[in-house]
Amino acid sequence: MKSITLIYDERLEEEVESKVLPLLENNVKIKIPYKNHKKYEFSEEDFIVCYLSDEQVRELFDVIIENHWKIGFLPHPKMTEARQGFGVSSKLEIAVENILNTDELVEVDVLFANGQPVLNKLIIGSSFSLLYALDNDEFFFKKYLNRFKRFLNSFKRVRLHPYSINWSKDNGEMQSKAVDTAALGMVVVQHGQSSILSRRIIEDSYANDGMLHCLILAPKSIWEIIKFGFYSIFKSSKRSKLPDYVAHIKTNKVSISSNQPISYAIDEVLVSAKSIELEVQPKVIGIVPGTALETNEQVKKTKVFKVQNLPQGELKNELLERYLPFTNHATTEEFKWLFTTLRENSKTTSSYLVLMALSTIIATFGLFGDSSPVIIGAMILAPLMSPIISLAMGVLRQDDQLISRSFKTIGYGMAIGYVFAILITWFTPLNIMNGEISARIRPNLLDLGVAAASGVAGAYAHSKKEVAKTLAGVAIAVALVPPLAVSGVGFGWGDWAVFWGALLLLGTNLAGMVLAAALTFLFLGFSPFRLAKKGLTISLFFVVLISTPLAFGFSKMVKENKIIQNLSGKEISVGVLRDVKVIRVSPLKISLTVVSESPLDINQLNEVKEDIEDALGQEIELELSVAVKL
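Computed from a prediction, not measured in an experiment: that's the story for all the values here.

**Q** Mind showing me how you'd approach the pattern of salt bridges here?
**A** Oppositely charged side chains are able to pair whenever their charged atoms sit close together. Under the criterion given, the structure shown has 12 salt bridges. The shortest N-O distance in the salt bridge between K31 and E13 comes to 3.6 Å. With K31 in strand β2 (residues 28–33) and E13 in helix α1 (residues 13–24), this residue pair connects regions lying 18 residues apart in the sequence. E623 is the partner of K589 in a salt bridge, and the nearest nitrogen-oxygen pair spans 3.4 Å. Of this pair, K589 sits in strand β18 (residues 589–596) while E623 sits in strand β19 (residues 621–628), and the two are 34 residues apart along the sequence. Through salt bridges with shared partners, a single network forms among E13, E17 and K31.

Have a look at this one:
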């Protein structure tokens, strides 16, 4: 049996009598209202159990440390920070059972900020609440609703703040020079169980390892906050990799200062100061550890300094001068490298013209031969990607010289392609519409989607040195070389339906690629929106304009698919319908095969037509084949 001294909140006298004391049974030696605790002197032999609010625990904390009390905590309704900091269960029954059944106390560390004890966590920055506010004991729906509300509140004008951060090195001495950076805010905890953020990404952290953890959120765009918001809302509690924009310092002492007042909260109590001195005092109180508190007798006091991704120098100054942009801004090095590449790619060279001619020749022969492998070879060889991506950047940044050069290069390449496609058509004694040709004369919205994806792939590959540009080149060529060759074939045949159909697909792909690539560059931070607005508006206008016939084509394709789906495999009076094809939608003309047990006479054929018209609810023209089962 334990001899417990219970210090309780006198405002909850009734609850103490009805709930707490019955659970503690006969183990309570004396119960003392909090307001009277100063009248008593406690020795190191006394075992004190507190049923107090966070505010009361904080007021009592200096006395606890000074007298080195042996202490346990029960979950008071208003004790959230101390409960999380000491791993106390929110359920009174579990907390009491843990206190009564635990024989050995554990000496744990205490984190101090400017001399004030931190029960659970210290938060720097008023915009940082999204990442740490969490009540584990809320109902599921309420918990996620509250997280989502905090997430929406983060979409305000956001500025980073300047901070100078110094810390204790492996030898215990402070660094000779502080790191000057820009950050949205920080979370400082003594162990990894204190906050939603620290639980996700801090490993090997104990309440008695003599270390603190400083997590610094330094996003370079609103987009990174959005990603982290969804991460915080929907991710499970399993630990995962530290995001690139969150720095991590694990040591025993950290100094944080700024040329502006620093707003911070110690256990959600707001404070302001010019500098914050953080230090862990090891093993200063002996407690009954809560069920969620992790301690280890053989702790590894390994320090961690993951600060390489903190913005410094020119980037730090850029981020401090303005509100946080929606997307990451490209660095000066990335910007110079990409623009040098795009200006070179926009030039018309002899190699470009030769490759354009060869790819079109290969594609045209492949079209006449109805050969997909040959056409794919032409796609790989085609050099059209480079000037199209250069054009997209020119449109985005309103660079007239880049736009002019890119247009000329694309125009010369397409002219060369048309010449060779037309010449081959004139000298080839074939005038049959095969599958590869007919597939490229009826463009629809799906083709626009292919073009957009190709544009994104091309822009992304150009902006990243490590991505193989040949992959994006294939994606772009898929959308451009074959329709160019088909359009040339249509011109050579004098078949204007083929010519205009393929030309519409070519224009669709070109407009879709330019817009998608420009938006990708905007998202990657290669242009401010105010500069890009005009070019994007013009590109969007052309895409919308060209989408009208595409929408009609897509609607037509949907109707055809519905007809084929309705009729394929349908059983009628004389047999089963197979191989359904829609030749024309208006007026509707269909080709199909009837599989029958015996040959059909003219009356039965008319009956087949009537059955199909009844099924579709409209008159049709019918090309009918009969297959007889033997």
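**Q** Help me out: how do you make sense of α1 in this one?
**A** Note: α-helices contain 3.6 residues per turn, so residues at a spacing of three or four share the same orientation. What α1 keeps buried is the set V16, V20, L21 and L24. Each buried residue of α1 lies within a common arc of 95° when the element is viewed along its axis, so the set occupies one face. Buried residues along α1 sit against β1 (4–8), β2, β3 (47–51) and α4 (92–101). Immediately downstream of α1, the backbone of E25 shows phi near 55°, a positive value.

**Q** I would appreciate a short explanation of the packing of helix α13 (residues 385–397) against helix α18 (residues 496–523) in the present structure.
**A** Relative placement of two packed helices is described by the angle separating their axes and the distance separating the axes. At a minimum axis separation of 8 Å, α13 and α18 run at an interaxial angle of 60°. If you check the angle between α13 and α18, you find them oblique. Judged by the sense of rotation from one axis to the other, the crossing of α13 with α18 is right-handed. Residue-level contacts link I388, I389, L391, A392, M393, V395 and L396 of α13 to L510, M513, V514, A517, A518, F521 and L522 of α18.

**Q** Which parts of the structure should I look at to understand the sheet that holds strand β16 (residues 571–572)?
**A** To summarise the sheet geometry, strands pair through backbone hydrogen bonds and adopt either a parallel or an antiparallel arrangement. An order of β16-β17-β18-β19 is seen for the four strands of this open sheet, with the pairing classed as mixed. On the outer flanks of this sheet lie β16 and β19, each paired with one strand and no other. The sheet contact formed by strand β17 (residues 575–584) and β18 spans six bridges and is antiparallel. Each residue of the ladder has a partner; that of R578, found in β18, is T593. The sheet contacts of helix α19 (residues 529–567) involve β17 and β18, and relative to β17 the element is tilted by about 170°. Sitting on the sheet, helix α20 (residues 602–616) is in contact with β16, β17, β18 and β19, with an inclination near 120° to β19.

**Q** Looking at this structure, how should I read the packing of aromatic side chains?
**A** A ring pair, where both rings are aromatic, is described by two values, the distance of the centres and the angle of the planes. Counted under the stated rule, the structure contains 11 aromatic pairs. When the ring of F73 is compared with that of F86, the centres are 4.9 Å apart and the planes differ by 10°; the resulting orientation is stacked. Taken together, the residues F73 in strand β4 (residues 70–73) and F86 in the loop between α3 (81–85) and α4 connect sequence positions 13 residues apart. One exposure class covers both F73 and F86, and it is buried.

**Q** Can you walk me through the side chain of H37 in this structure?
**A** Position of H37 relative to the elements: it lies in the loop between β2 and β3. Given a relative accessible area of 9%, H37 falls into the buried group. From its side chain, H37 meets the backbone oxygen of Y34 in a polar contact 2.6 Å long. Apart from the residues lying within four places of it in its own chain, the contact partners of H37 are I7, I32, F42 and L60.

**Q** Explain the pairing of β1 to me, please; I cannot follow it from the model alone.
**A** The side chains of a regular strand alternate between both faces of the sheet. Burial analysis of β1 places five of its five residues in the buried class, the great majority of the element. Burial along β1 is two-sided: I4, L6 and Y8 and T5 and I7, pointing in opposite directions, are all buried. As defined by bridge partners, β1 adjoins β2 across five bridges and the pair is classed as parallel. Residue pairing for β2: T5 is matched across the bridge by I30.

**Q** Where do I start with the packing of α1 against α4 in this structure?
**A** It is at 10 Å that the axes of α1 and α4 come closest, and there the two elements cross at 30°. When the axis of α1 is compared with that of α4, the two are roughly parallel. In the crossing of α1 with α4, the sense of the turn from one axis to the other is right-handed. Only L92, E93, V96 and L100 of α4 make contact with α1, whose side of the interface consists of K19, V20, L23 and L24. Tallied by class, residues from the contact of α1 with α4 come to six nonpolar, no polar and two charged.

**Q** What's the story with empty space enclosed by the protein in this structure? I'm lost.
**A** Leftover empty space is mapped by rolling, across the atoms, a probe with the size of a water molecule. Inspection of the entire model under this criterion finds four cavities of 30 Å³ or more. The computed volume of the largest cavity comes to approximately 100 Å³. In terms of lining residues, the largest cavity is bounded by 15 residues, among which G85, F86, D109, L119 and Q190 are the most central. Of the residues forming the lining of the largest cavity, the biggest block, four residues, is contributed by strand β5 (residues 106–113). Looking at the lining of the largest cavity residue by residue, the class counts come to nine nonpolar, five polar and one charged.

**Q** Looking at this structure, how should I read the side chain of K316?
**A** Note that K316 resides in helix α9 (residues 313–321). The side chain of K316 is buried and forms no salt bridge, while D180, the nearest opposite charge, is found at 5.2 Å.

**Q** What am I meant to see in the environment of W493 here?
**A** Structurally, W493 is set in helix α17 (residues 469–493). Along the sequence, W493 and L430 sit 63 residues apart, while their C-alpha atoms lie 9.6 Å from each other. Apart from the residues lying within four places of it in its own chain, the contact partners of W493 are F368, T425, L430, N431, I432, M433 and I437. Within the structure, the side chain of W493 is placed 3.3 Å from the side chain of N431, a separation counted as a polar contact.

**Q** How should the environment of G501 be read in this particular structure?
**A** For G501, the position within the fold is in helix α18. A C-alpha to C-alpha distance of 4.2 Å links G501 and I441, two positions 60 residues apart in sequence. G501 has contacts with R440, I441 and P443, leaving out every residue within four places of it along the chain.

Definitions and cut-offs
Residues numbered from 1 in each chain as written. Predicted model: local features only at pLDDT ≥ 70, side-chain atom pairs only at ≥ 80, totals over all residues. Heavy atoms only, no water. Salt bridge = Lys/Arg side-chain N within 4 Å of Asp/Glu carboxyl O. Helix = DSSP H or I, 4+ residues; strand = E, 2+ residues; numbered from the N terminus. Buried < 20%, exposed > 50% of the residue type's maximum accessible area, 1.4 Å probe, protein only. Arc of directions from axis to C-beta. Contact = heavy atoms within 4.5 Å. Axes fitted to C-alpha atoms, helices over the stretch in contact; angles between N-to-C directions. Parallel < 35°, antiparallel > 145°, perpendicular 65-115°, else oblique. Left-handed = near helix turned anticlockwise from the far one by under 90°. Pairing = 2+ DSSP bridges. Phe/Tyr/Trp six-rings, centres within 6.5 Å; stacked < 30°, edge-to-face > 60°. Polar contact = N/O pair within 3.5 Å; in protein donor to acceptor, adjacent residues only side chain to side chain. Nonpolar A, V, L, I, M, F, W, Y, C, P; charged D, E, K, R; others polar. 1 Å grid on protein atoms, 1.4 Å probe; cavity = no way out; pocket = protein on both sides within 12 Å on 5 of 7 lines; lining within 4 Å. Points joined across faces, edges and corners; volume = space filled by probe spheres on them. Lys, Arg positive; Asp, Glu negative; His and termini not counted.

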